[in-house]
Amino acid sequence: MARDDIRLHVVSGKGGTGKTTVAAALALALATGGRRTLLVEVEGRQGIAQLFDVPPLPYSERKVAVAPGGGDVYALAIDAEEAMLDYLDMFYSLRRAGSALRRMGAIEFATTIAPGLRDVLLTGKFCEAVKRQEGGEFVYDAVVVDAPPTGRVTRFLNVNREVADIAKVGPIRNQADSVMRVINSPHTAVHLVTLLEEMPVQETIDGVEALHDNGLPSGQIIVNMLRTPLLDDDELAAASDDTLDRDAITADLKAAGVIGRRGATTAALVEALLDEARDHAERVELERQERDRLDPLGLPIVSLPLVDGGIDLTALYDLATQLREQGLR
Amino acid sequence: MTTPAKKSRGRATPAAPPARPATWDVDALIDNEATRIIVCCGSGGVGKTTTAAALGLRAAERGRRVCVMTIDPARRLAQSMGLTELDNEPRPVSGVQGDGELSAMMLDMKRTFDEMVEGHADADRAEQILSNPFYQALSSSFAGTQEYMAMEKLGRLRATADSEGTWDLIIVDTPPSRSALDFLDAPARMGSFLDGRFIRLLTAPARSAGKGLGRIVSTGFGMFTSVLTKVIGGQVLKDLQAFVGAFEALFGGFRERAEATYSLLQEEGTSFVVVAVPERDALREASYFVERLKADQMPLAGLVLNRVQATGAPMLSEEQALAGAERLEEAEEGELTSALLHLHAQRMATLSRQHHLADRFSGAHPGVAVAEVPAFAGDVHDLEGLRQVGRFLAGELSR
Ligand SMILES: Nc1ncnc2c1ncn2[C@@H]1O[C@H](COP(=O)(O)OP(=O)(O)OP(=O)(O)O)[C@@H](O)[C@H]1O
Ligand SMILES: Nc1ncnc2c1ncn2[C@@H]1O[C@H](COP(=O)(O)OP(=O)(O)OP(=O)(O)O)[C@@H](O)[C@H]1O
Ligand SMILES: [Mg+2]
Ligand SMILES: [Mg+2]
């Protein structure tokens, strides 16, 4: 199902589900084997720099990592005000005036007040990187965007509709049109990251529908922070029915030298372990129900495990490998 | 939802116990007639909505007349509270036990904004504002609008409570946000932006220039409007001017309005509850929030530490469990038991990490009372689930 020819990957999802982590892992995965990718952030939080443990990213493309097999991951923190200055310079030759306006706070004001302006500036910047060529070749094999959360991503990408109100003609209008050409091309996909919990799954379902309603291209669902069940299906069923064999478990615990001499403590320990098994079974069952709600969306689903102890660089490379193995390329 | 395995807190290591946080008497807070507003704050996804609803239900079942304002509750929780009518008004919740009453609502921010306009303008004027494109963008997608409207609605609920005696306790949930501070800061930020000098310049250049902003600014201002007009066209500016003019005439400015509602939060009778999960980011946000309340002299009732890992077998440490599992694996027997031991080891690892973080928070904020709610296997989606959360909050369970 995964397609090789996607050049713009937009990663969204409910807040806190792992958008930044997954986008970074994806940029690494796509750079593997000597390719070059650009990882972009748009919300001014310097999440990428933190993740790769590099100094805060400037408003220019910087190499942040080398992928397995010698590819390069570049990163860029897009800033709407800087993009606006570029824009004033490019279309109106207003570089100096632009800087003066910025000092007055006027640029910040303009990008805040005009609905859609900020989004056109941000999307315009990374769409330019998608299209950029040197010597007849694309500069980046793929661009990965750590995008705003599901609730805002449709509006963020659908700049045409937003800009309709503010600009009927002129460079902003043209910019919006060219952004829409990139976003609506068959080489763009919007991926949604989710956990197998009610709210993020619901947001994913609503998000896919909103993308669809707005004619935006949905890509894959990435189920993040998945726990692999430690018990098999029969054991899970027995754990929830409380029919696991207490005597056998007690004997095992004795054999393993885990339990003490006092019978009461032993019984309490066995009950506690069975309670934990029942909890685990319930959790697994709920995750399966949530997973079943994702299937009808008809999108490819890939999953990433919960990494104990949090995400460091090693874990990030590991997640990248897992994405590759599951065909998210 | 089921209850967690056991109520025991199960400290993993017997090291010197750090100063335990003060236990929090949640019932004393909600039973106190003087408590009129409780605001549940915290970073994204930590359980603000669940806590607000659980406190509301418990207060009602202990006899208070409570209104809970939720924001984007999980769908099943909303249904269980009868929140199916999206009319932005509180509705009685059925299934509440005891003599008290519980009403609940889901905030509709656009609707709240519209009502705010309609409530202050004659029909023509209101229509003029509501159809203004700038207003439409502002009321549906501006950063900070949700927080502003949450406060606005709180003000309105409080006014209704005062004039009609409908409720004696209002519990408010706060919008999902990365930072717990957004609820306090976003309305003022938005207010000062909309009342800021650029808007003033745009809406009344002559007046502002005359007020001493000076020639330099007016020169800059000329450049500013011309650039702005070039980039986004003159229409946006016209809409903006029309909107701000109309709005000021009605409300005397955004900032003033935001300040008025903010002052409600500083009134006596308002208490804050900060919610966190035992993870680094969430506790850091909770810390910021606690310090901010202190700085602004606003009363913090306590910290809800939500989704804390629980175990019924604190006596079996992670290391012991893993060693046992290893022995079984070496002997190639007891596969199931070995899996159970691994499961337990995972729990103990999580639990000790969480307790370490929680202890660090309490070390930094020794005066903050803490109530712990365990992580349930399933989510919290019905009144019984909320009741159970309430029991933990009040310390009926778990201690
Ligand atoms: N697979 C994983 N295993 C363990 N921890 C993870 C995993 N994925 C993400 N995390 C952790 O979860 C937290 C949230 O992840 P991340 O910042 O990527 O989410 P986000 O969706 O970008 O959040 P936000 O909405 O705040 O931008 C981080 O602490 C991250 O290290
Ligand atoms: N103690 C708990 N054990 C298990 N699940 C819980 C617990 N507390 C909350 N949840 C679940 O976690 C999810 C998020 O909770 P909730 O909606 O209350 O968080 P929130 O802080 O309001 O989130 P947001 O910032 O998105 O508004 C819900 O599905 C809820 O049922
Ligand atoms: Mg992020
Ligand atoms: Mg909520």
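Cut-offs and rules
Residues numbered from 1 in each chain as written. Chains lettered and ligands numbered in written order. Predicted model: local features only at pLDDT ≥ 70, side-chain atom pairs only at ≥ 80, totals over all residues. Heavy atoms only, no water. Helix = DSSP H or I, 4+ residues; strand = E, 2+ residues; numbered from the N terminus. Buried < 20%, exposed > 50% of the residue type's maximum accessible area, 1.4 Å probe, protein only. Contact = heavy atoms within 4.5 Å. Lys, Arg positive; Asp, Glu negative; His and termini not counted. Charge placed at Lys NZ, Arg CZ, Asp CG, Glu CD. Phe/Tyr/Trp six-rings, centres within 6.5 Å; stacked < 30°, edge-to-face > 60°. Lys NZ or Arg CZ within 6 Å of the ring centre and 35° of its normal. Axes fitted to C-alpha atoms, helices over the stretch in contact; angles between N-to-C directions. Parallel < 35°, antiparallel > 145°, perpendicular 65-115°, else oblique. Left-handed = near helix turned anticlockwise from the far one by under 90°. Nonpolar A, V, L, I, M, F, W, Y, C, P; charged D, E, K, R; others polar. Pairing = 2+ DSSP bridges. Near = heavy atom within 4 Å. Polar contact = N/O pair within 3.5 Å; in protein donor to acceptor, adjacent residues only side chain to side chain. Areas by Shrake-Rupley, 256 points an atom, 1.4 Å probe, with all protein chains shown as cover. pLDDT = per-residue confidence, 0-100. Core = buried A, V, L, I, M, F, W, Y, C linked by side-chain atoms within 4.5 Å.

Asker: Break down the overall build of chain A for me, with residues and values.
Answerer: Of the regular secondary structure elements, chain A holds 14 helices and 10 strands. With respect to the three principal axes, the spread of C-alpha positions in chain A is 85 × 40 × 40 Å. Counting only residues that meet the buried cut, chain A has 55% of its 329 residues in that class. In chain A, 72% of the contacts between residues at least 6 apart in sequence involve partners at least 24 apart. Within chain A, one finds 35 positive and 51 negative side-chain charges whose respective centroids are separated by 8 Å.

Asker: An account of the packing of aromatic side chains is needed here, citing residue identities and associated values.
Answerer: Think of a pair of aromatic rings as described by two things: how far the centres are apart, and how the planes are tilted against each other in angle. For the structure shown, the criterion picks out 11 aromatic pairs over all chains. Ring geometry for Phe243(B) against Phe247(B): centres 5.5 Å apart, planes inclined by 40°, an arrangement best described as tilted. You can see Phe243(B) and its partner Phe247(B) sitting in helix H11 (residues 234–251), 4 residues apart, about one turn around the helix. You can call Phe247(B) buried: its relative accessible area is 0%. An aromatic cluster of three or more residues is present, and its members are Phe113(B), Phe134(B), Tyr135(B), Phe142(B), Phe243(B) and Phe247(B). The residue whose ring lies beneath Arg7(A) is Phe138(A), and the NZ or CZ to ring-centre distance is 3.5 Å.

Asker: Can you lay out the packing of helix H1 (residues 19–31) of chain A against helix H14 (residues 313–325) of chain A for me, pointing to particular residues and giving the numbers?
Answerer: Residues and elements named next belong to chain A. In the contact formed by H1 and H14, the axes pass within 8 Å of each other and the chain directions differ by 65°. Between H1 and H14, the crossing angle belongs to the class labelled roughly perpendicular. Here H1 runs over H14; the crossing is right-handed. Here H1 contributes Thr-21, Val-22, Ala-24, Ala-25, Leu-26, Leu-28 and Ala-29 to the contact with H14, which in turn contributes Leu-316, Tyr-317, Leu-319, Ala-320, Leu-323 and Arg-324. Looking at the contact of H1 with H14 residue by residue, the class counts come to 11 nonpolar, 1 polar and 1 charged.

Asker: So, the sheet that holds strand S2 (residues 36–41) of chain A: which residues are in play, and what are the values?
Answerer: All names here are of chain A. Strand order in the open sheet made by the 8 strands is S3-S4-S2-S7-S1-S8-S9-S10, with mixed pairing throughout. If you trace the sheet from one side to the other, it starts and ends with strand S3 (62–67) and strand S10 (301–305), each paired once. Shown here is a sheet whose adjacent strand axes are inclined to one another by a mean of 25°, direction ignored. Where strand S8 (residues 188–194) lies against strand S9 (residues 218–226), 4 bridges are found, and the strand directions are parallel. The residue of S9 that forms the bridge with Thr-194 is Val-223. The strands that helix H6 (residues 117–131) touches are strand S1 (8–13), S2, strand S4 (71–77) and strand S7 (142–146); relative to S7, the one it contacts most, it runs at about 160°. Taken strand by strand, helix H7 (residues 150–157) contacts S1 and S8, and its axis lies near 145° from that of S1.

Asker: I'd like a rundown of the pairing of S2(A), residues and numbers included.
Answerer: Residues and elements named next belong to chain A. Most of S2 is tucked away, with 5 of its 6 residues classed as buried. Relative to S4, S2 runs parallel, the two being bridged by 6 bridges. Bridged to Leu-39 within S4 is Ala-75. In terms of strand pairing, S2 meets S7 through 5 bridges, oriented parallel. Residue Thr-37 lies in a different strand from S7, and its bridge partner there is Ala-142.

Asker: So, the site of ligand 1: which residues are in play, and what are the values?
Answerer: Residues and elements named next belong to chain A. Residues in contact with ligand 1 amount to 15 residues; listed here are only the nearest, Lys-19, Thr-20, Thr-21, Arg-45 and Val-307. Interatomic distance of 2.9 Å between a backbone N/O atom of Gly-16 and an oxygen atom of ligand 1. Take Val-307: an N or O atom from its main chain is 2.8 Å from a nitrogen atom of ligand 1. In isolation ligand 1 exposes 630 Å². Once the protein is present, 80% of that is buried. Elements that contribute at least two residues to the shell around ligand 1 include exactly H1 and S9. With 3 residues, H1 is the single largest residue contributor to the shell around ligand 1. Class assignment of the residues belonging to the shell around ligand 1 gives a composition of 5 nonpolar, 7 polar and 3 charged.

Asker: With reference to specific residues and values, describe the confidence of the model for chain B.
Answerer: Residues and elements named next belong to chain B. Per-residue pLDDT for chain B has a mean of 87; in total, 89% of the residues score no lower than 70. In this model residues 205–216 is a low-confidence stretch, pLDDT under 50, and it forms 9 contacts with partners more than four residues away in sequence or in other chains. We note a pTM of 0.91 for the whole complex and an ipTM of 0.89 for its interfaces.

Asker: Can you tell me about the sheet that holds strand S7 (residues 300–308) of chain B, naming the residues and giving the values?
Answerer: Residue and element names in this part refer to chain B. Spatial ordering of the open sheet is given by S3-S4-S2-S5-S1-S6-S7-S8, a layout of 8 strands whose pairing is mixed. Edge positions in the sheet fall to strand S3 (91–92) and strand S8 (370–374), since each of these pairs with one other strand and no more. Both strand S6 (residues 270–276) and S7 contribute to a ladder of 5 bridges, which runs parallel. Bridging across to S7, Ala-276 finds its partner in Leu-305. Sheet contacts for helix H13 (residues 280–295): strand S1 (37–41), S6 and S7; angle to S6, the most-contacted strand, approximately 160°.

Asker: I'd like a rundown of the nonpolar core, residues and numbers included.
Answerer: Residues Phe109(A), Phe126(A), Val143(A) and Phe113(B) are the most contacted members of the largest nonpolar core, which totals 98 residues. Not counting residues within four places of it along the chain, the set of residues in contact with Val143(A) comprises Arg7(A), Leu8(A), His9(A), Leu38(A), Val40(A), Phe126(A), Ala129(A) and Val130(A).

Asker: Could you give an account of the site of ligand 2, with specific residues and numbers?
Answerer: All names here are of chain B. Gly-45, Lys-48, Thr-49, Thr-50 and Asn-306 are the nearest of the 19 residues found near ligand 2. With respect to ligand 2, the backbone of Gly-45 contributes an N or O atom lying 2.8 Å from an oxygen atom. Backbone polar atom of Phe-376 to a nitrogen atom of ligand 2: 2.9 Å apart, as the coordinates give it. Out of a free accessible area of 640 Å², ligand 2 has 96% covered by protein chains. Looking at the shell around ligand 2, the elements that each hand over two or more residues are helix H2 (48–61), S7 and S8. By residue number, the principal contributor to the shell around ligand 2 is H2, which donates 3 residues.

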